[in-house]
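Secondary and tertiary structure notes
Each chain, letter by letter, is given below.
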There are 2 protein chains.
Amino acid sequence: MRDPEQTRQKILEVSADEIHRKGFNATSLSCILARCEISKGALYHHFANKMELGYAVFEEVYAPAFIALWQPPVEAEDPIQGLSDFFSSMSKEMSCDELVCGCPLNNLCQEMSGVDEGFRIRILAMQQQLNLLIATNLSRVSSQLQPGLDFSQIAYFIVSTFHGSSSLSKSSLNKELFDKVIKELCRYMGQLKR
Amino acid sequence: MRDPEQTRQKILEVSADEIHRKGFNATSLSCILARCEISKGALYHHFANKMELGYAVFEEVYAPAFIALWQPPVEAEDPIQGLSDFFSSMSKEMSCDELVCGCPLNNLCQEMSGVDEGFRIRILAMQQQLNLLIATNLSRVSSQLQPGLDFSQIAYFIVSTFHGSSSLSKSSLNKELFDKVIKELCRYMGQLKR
DNA sequence: TTTGCAACCGACCTGTCGGTCGGTTAAACT
DNA sequence: AGTTTAACCGACCGACAGGTCGGTTGCAAA
């Protein structure tokens, strides 16, 4: 009946969802407790405080999910095509509600980077890891790309644009503007090829 | 001695700075009162509540400043060159502290769009106004650009990338990554020309 | 000079937040 | 069966938020 590991996972899962939707500060513990149907004591048995809970959500939920999301398209034979399909499928398959929540990494970056050092270093590490992932896979197929390109620069550019486009859909509440940016992003990426 | 209009302006100015640095929710009225050296009664004499203060800051401080910032580069003879210089000068002339605060419009978009309808519609209107500004000025020089371009799409793309790059500097605490993205953005914009 | 009112003051209110802690329960081991 | 301890409970706490309101002050018109 009692299953501490399951309790912990439930807390992480619910917290991840709440933080994704509302942001870290706007997420209240009482709301998490209600959804998990546990007491405050249970939560504080598993996590020292709200910050540590936030770090755990980042490391055990967001980070793995983030890599699992980006790795397949980037490691495709043709990463340019992989990323184009990846972005395009988002506007098609994601519901408006999901889209409006944005990327958890970018959300936390905006909200927490300037406020908490623990979040900042974790977010930065994740961004650098993603950048390396994209840049190395672009250089892998560099023979098919235009000469003289800075792959790290391009990787940061692509991710920045993607995050910026997520921001747009938050205010427009629909996919239209998001689609526009993604279209142009795909056009840009296509131009990287010879 | 008493100058209600000056008091009001002071409140708006200080609030704009606080909201820019900390975000809307994290900005406390008591902090604004302390910096303005006024009482809570004075603030609530001029503004109905915190939300209305936020709206006033947006409309009377952010929006005019935003237009004043973007209009000159976009309305230059060569808007592509104007925007390139505009972005490049940011990384050179802005201090790290300023850069890390990000664009007030984008910050509020991320924080408030999903939470408050009043903010959302104001932010969206501003984004559309900026988009129109850029798109019309690109079409103005369309004879110098490649054929078949969607100017609105390009305008949203440019702004999205810029906002995304601001996000990057928040976690890295330096200009390096911001510079990288801006460099690539300028390279992209250069390719729009014939 | 008196009067009216906008401008301003600040003590106080209510609600919610993250966090604490003494107590209870269930399960594993001796 | 008795003992220990991790797991969990929930009443309670202080801090601080936004917001209220009766009272005071200064200026301008009558």
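You'll find the structure just up there.
Residues numbered from 1 in each chain as written. Chains lettered and ligands numbered in written order. Predicted model: local features only at pLDDT ≥ 70, side-chain atom pairs only at ≥ 80, totals over all residues. Heavy atoms only, no water.

Section: the protein's contact with DNA strand D
In the vicinity of DNA strand D there are 20 residues, among which A:Thr7, A:His45, A:His46, B:Tyr44 and B:Lys50 approach most closely. Considering the 4 Å shell around the protein, atoms of DNA strand D inside it are sugar or phosphate in 59% of instances. Interatomic distance of 2.8 Å between a side-chain N/O atom of A:His45 and a phosphate oxygen of DNA strand D. Here B:Leu29 contributes a backbone N or O atom positioned 2.9 Å from a phosphate oxygen of DNA strand D. (Near = heavy atom within 4 Å. Polar contact = N/O pair within 3.5 Å; in protein donor to acceptor, adjacent residues only side chain to side chain.)

Notes on helix α5 (residues 79–93) of chain A
The periodicity of an α-helix, 3.6 residues per turn, causes residues three or four places apart in sequence to face the same way. Residues and elements named next belong to chain A. Its 15 residues place the ends of α5 20 Å apart at the C-alpha level, agreeing with the 21 Å of an ideal helix rising 1.5 Å per residue. If you follow the buried residues of α5, they end up packed against α4 (50–74), α8 (117–140), α9 (151–172) and α10 (176–190). The backbone nitrogen of Ile80 has a side-chain oxygen 3.0 Å away, supplied by the residue at the start of α5, namely Asp78. (Helix = DSSP H or I, 4+ residues; strand = E, 2+ residues; numbered from the N terminus. Expected span 1.5 Å × (residues − 1). Contact = heavy atoms within 4.5 Å.)

Some words on the nonpolar core
Membership of the largest hydrophobic core comes to 128 residues, with the highest contact counts inside it found for A:Trp70, A:Phe87, A:Tyr188, B:Trp70, B:Phe87 and B:Tyr188. With sequence-adjacent residues up to four places away left out, A:Trp70 is seen in contact with A:Leu83, A:Phe86, A:Phe87, A:Leu130, A:Leu133, A:Ile134, A:Val159 and A:Phe162. (Core = buried A, V, L, I, M, F, W, Y, C linked by side-chain atoms within 4.5 Å. Buried < 20%, exposed > 50% of the residue type's maximum accessible area, 1.4 Å probe, protein only.)

Brief notes about the pattern of salt bridges
Under the defined criterion, the tally for this structure stands at 18 salt bridges over all chains. Put simply, A:Asp78 and A:Lys193 hold a salt bridge, and the shortest N to O gap is 2.7 Å. Of this pair, A:Asp78 sits in the loop between α4 and α5 while A:Lys193 is found in the segment after α10, placing the two residues 115 residues apart along the sequence. B:Arg21 is the partner of B:Asp17 in a salt bridge, and the nearest nitrogen-oxygen pair spans 3.1 Å. Within this pair, B:Asp17 and its partner B:Arg21 are both found in helix α1 (residues 4–22), separated by four residues, close to a single helical turn. For B:Asp17, a relative accessible area of 21% gives the class partly exposed. Salt bridges sharing common partners tie together A:Asp17, A:Glu18, A:Arg21, A:Lys22 and A:Arg35. (Salt bridge = Lys/Arg side-chain N within 4 Å of Asp/Glu carboxyl O.)

Examining the environment of A:Gly41
Residues and elements named next belong to chain A. Mapped onto the secondary structure, Gly41 falls in helix α3 (residues 40–46). Taking the relative accessible area as the measure of exposure, Gly41 reaches 51% and is therefore exposed. C-alpha of Gly41 to C-alpha of Asp78: the two residues are 37 residues apart in sequence and 50 Å apart in space.

Topic: the protein's contact with DNA strand C
Neighbouring residues of DNA strand C: 20 residues in total, closest A:Tyr44, A:Lys50, B:Ser39, B:His45 and B:His46. In DNA strand C, atoms within 4 Å of the protein come from the sugar-phosphate backbone in 61% of cases. Note that a base oxygen of DNA strand C is positioned 3.0 Å from one of the side-chain N or O atoms of A:Arg2. Between DNA strand C and A:Lys50 there is a distance of 2.7 Å, counted from a phosphate oxygen to a backbone nitrogen or oxygen. Every element with two or more residues in the surface near DNA strand C is listed here: α2 (29–36) and α3 of chain A together with α1 and α3 (40–46) of chain B.

Quick notes on the packing of α9(A) against helix α10 (residues 176–190) of chain B
Relative orientation and spacing of two packed helices are given, respectively, by the angle between their axes and the distance between those axes. Relative to each other, α9(A) and α10(B) sit at 85°, their axes nearing to 8 Å. Between α9(A) and α10(B), the angle is such that the two are roughly perpendicular. Note on element contacts: α10(B) touches α9(A) through B:Leu177, B:Lys180, B:Val181, B:Lys183, B:Glu184, B:Leu185 and B:Tyr188, opposite A:Ser152, A:Gln153, A:Ile154, A:Tyr156, A:Phe157 and A:Ser160. Residues of the contact of α9(A) with α10(B), tallied by class, amount to seven nonpolar, three polar and three charged. (Axes fitted to C-alpha atoms, helices over the stretch in contact; angles between N-to-C directions. Parallel < 35°, antiparallel > 145°, perpendicular 65-115°, else oblique. Nonpolar A, V, L, I, M, F, W, Y, C, P; charged D, E, K, R; others polar.)

A short note on the relation of the copies chain B and chain A
It takes a turn of 180° to lay chain B on chain A, together with a shift of 0.0 Å along the axis; the resulting RMSD is 0.0 Å. The operation mapping one copy onto its partner corresponds to a two-fold rotation axis. Both copies present the same face, since 100% of the interface residues in chain B are matched by interface residues at the equivalent positions in chain A. (Least-squares fit on C-alpha atoms with pLDDT ≥ 70 in both.)

Concerning unusual backbone geometry
Residues and elements named next belong to chain B. Positive phi is not limited to glycine here, since Glu37 has a value of about 55°. Position of Glu37 relative to the elements: it lies in the loop between α2 (29–36) and α3. Its relative accessible area of 73% is what places Glu37 among the exposed residues. Residue Leu173 is not a glycine yet carries a positive backbone phi of 60°.

Comments concerning the packing of aromatic side chains
Counting across every chain of the model gives 24 aromatic pairs over all chains. With 5.1 Å between their ring centres and 65° between their planes, A:Trp70 and A:Phe86 make a pair best called edge-to-face. Here A:Trp70, found in helix α4, pairs with A:Phe86, found in helix α5; they are 16 residues apart in sequence, far enough to count as distant. On the basis of relative accessible area, A:Trp70 is assigned to the buried category, the value being 1%. Relative to B:Phe87, the ring of B:Trp70 has its centre 5.9 Å away and its plane inclined at 75°; by these criteria the two rings are edge-to-face. Residue B:Trp70 is located in helix α4 (residues 50–74), and its partner B:Phe87 is located in helix α5 (residues 79–93); the two are separated by 17 residues in the primary sequence. Ring-pair connections join several aromatic residues into one group, and the members of that group are A:Phe66, A:Trp70, A:Phe86, A:Phe87, A:Phe162 and A:Phe178. The positively charged end of A:Lys50 is found above the aromatic ring belonging to A:Phe24, 4.7 Å away from the centroid. The cationic tip of A:Arg122 hangs over the ring face of A:Tyr55; the distance from NZ or CZ to the ring centre is 4.0 Å. (Phe/Tyr/Trp six-rings, centres within 6.5 Å; stacked < 30°, edge-to-face > 60°. Lys NZ or Arg CZ within 6 Å of the ring centre and 35° of its normal.)

Side note on the interface of chain B and chain A
On the chain A side, the residues contacting the 35 residues of chain B number 35 residues. Across the interface of chain B and chain A, roughly 3300 Å² is buried in total on both sides, 57% from carbon and sulfur atoms. On the surface where chain B and chain A come into contact, there are zero salt bridges. Listing elements by their share of the side of chain B that touches chain A, those giving two or more residues are α7 (104–112), α8 (117–140), α9 (151–172) and α10 of chain B. If you tally residues by element for the side of chain B that touches chain A, the top one is α9(B), at 14 residues. For the side of chain B that touches chain A, the class distribution of residues is 14 nonpolar, 15 polar and six charged. (Buried area = accessible area lost by both parts, 1.4 Å probe.)

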